[in-house]
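One letter stands for each residue in the lines below.
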Amino acid sequence: MSFRRYKLLTSLGTVFFVLLVLSTFAILVLPLKPRVELAIISLILYALCFALATNSAYTFRVANDVVVAVSETEPSDFKFEIANYKELLKSAERTRSHRIESSEFNAGGHSWVMVMYPKGNKNDNSRDHISLYLRLVNKPTEGGAVLASFKFFIFDKKRETYITIIITKDRRFDATHPEWGIARALHVDDFTDEANGLLINNSCVIGAEVYVLQNITKIARLSLVEKTTGRTHTWKVNNYTRLRADKYSPSFRIEGYSWKLHLYPKRNETGKNRYLSLYLCLQEPANLTRGWKLHVEYTLSIKGKISGKDHKKTAGFWFDSNNAQHGFDEFLPLTEPNSPNRGSGHDEILTIEANLKKMFTAQ
């Protein structure tokens, strides 16, 4: 950050005050003609300063997601006075921690710590700069996160204002990245020069404000279970034409899960006695880990007897404790040439295959 520009911005208040005095003097003391002239000059200068202030708004951008402002308002969440700054700096160097940490403070329902690198965070390419970070103390559980925006404050004791460093982009604090901040907050020379008013009598004051925008308690995690290439189960239904009710296959296991096939010889939700219906069923779905789902891409087929061509249908479905069956109400019209109701002799045996191609689990 450019400290020269900061001092320029803090001088605007003084300029405004001087112009106000001149305008008042012109109105109350001077004769009419010089009063008008001085008033016009003051207004022009005032307009120029106002344009400068409006353009910068007492702020200036130092990075794509960092804005620095001048404020007289104290930080509302935490203020941290560092006494014996030079001694703490030497201690940090001796212990090779190269950082100073504040005590914990609460904001937005969470505990935080301010972290300061007096000579820059070498891991963040900030040599010769003060680095400031905010760390979430109570790290969320796996999959959880805290979405927050925040500001840093550095007190200018000479001007009694705060350099306010605003992180404009929301940050996601989680178990793998609990610390965010700005690597190049202020050049070390600007910070340690007592003439600038930030470090006086070996002490300084910094602070923070945190705005928690969202608490993310859990994130869905999708992971591919081993591809079930060639995992096909065959079910031979004897005396098929004599069936009068639905029938389940014996259970079979694929990829650690137990399955069954569910057959309705003459049943459909919208047209009973016109279709053969066929379904894939997950056995004991309650044994799935709570909150988990299992996505299966599968193909069901009936072996063709007359044409020699199998009748197949493919689908994908999320199975869970409340949805354990999926398939086709209208799997095969009973009027089809391949229908098991047509033909004779070997038609008493119906051959059904289930191929489970891929599985995904989601928590």
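Above this text is the structure in question.
Remember, it's a predicted structure, so these values are computed and weren't measured experimentally.

(A) Looking closely at the pattern of salt bridges. Evaluated as defined, the whole model comprises eight salt bridges. For R159, the salt bridge is made with D156, and the minimal N-O distance between the two is 2.7 Å. Judged by relative accessible area, R159 falls into the partly exposed class, the value being 29%. Here R231 makes a salt bridge to E255, at a shortest N to O gap of 3.9 Å. Here the residue R231 occupies a position in the loop between β12 (222-225) and β13 (232-237), and E255 occupies one in the loop between β15 (252-254) and β16 (257-264), the gap between them amounting to 24 residues. Owing to a relative accessible area of 23%, E255 belongs among the partly exposed residues under this scheme.

(B) Layout of helix α3 (residues 85-94). Among all positions in α3, only Y85, L89 and A92 are buried. Buried residues of α3, viewed axially, fall in a sector of 65 degrees; they line one side. Away from its buried face by more than 90 degrees, α3 exposes K86, K90 and R94. Looking at the packing, one finds that the buried side of α3 touches β3 (78-82), β4 (100-101), β6 (110-117), β7 (129-136), α4 (188-192) and β11 (204-216). In the stretch just after α3, R96 is the one whose phi turns positive, near 60 degrees.

(C) View of the environment of R171. Inspection of the secondary structure assignment puts R171 in strand β9 (residues 161-174). Once the C-alpha coordinates of R171 and L147 are considered, the two residues, 24 residues apart in sequence, prove to be 5.7 Å apart. Residues contacting R171, with those up to four places away along its chain left out, are D65, V146, L147, A148, F150 and W180.

(D) Structural detail: the packing of aromatic side chains. Applying the stated criterion across every chain, the model contains 14 aromatic pairs. Residues W259 and F319 carry aromatic rings whose centres are separated by 5.4 Å and whose planes lie at 80 degrees to one another, so their mutual orientation is edge-to-face. Placement of W259 in strand β16 and of F319 in strand β19 (residues 311-319) is noted, with a sequence separation of 60 residues between them. Using a relative accessible area of 0% as the deciding quantity, one classes W259 as buried. Judged by relative accessible area, which is 0%, F319 ranks as buried.

Cut-offs and rules
Residues numbered from 1 in each chain as written. Predicted model: local features only at pLDDT ≥ 70, side-chain atom pairs only at ≥ 80, totals over all residues. Heavy atoms only, no water. Salt bridge = Lys/Arg side-chain N within 4 Å of Asp/Glu carboxyl O. Buried < 20%, exposed > 50% of the residue type's maximum accessible area, 1.4 Å probe, protein only. Helix = DSSP H or I, 4+ residues; strand = E, 2+ residues; numbered from the N terminus. Arc of directions from axis to C-beta. Contact = heavy atoms within 4.5 Å. Phe/Tyr/Trp six-rings, centres within 6.5 Å; stacked < 30°, edge-to-face > 60°.

Read these as spatial facts, not as claims about activity.
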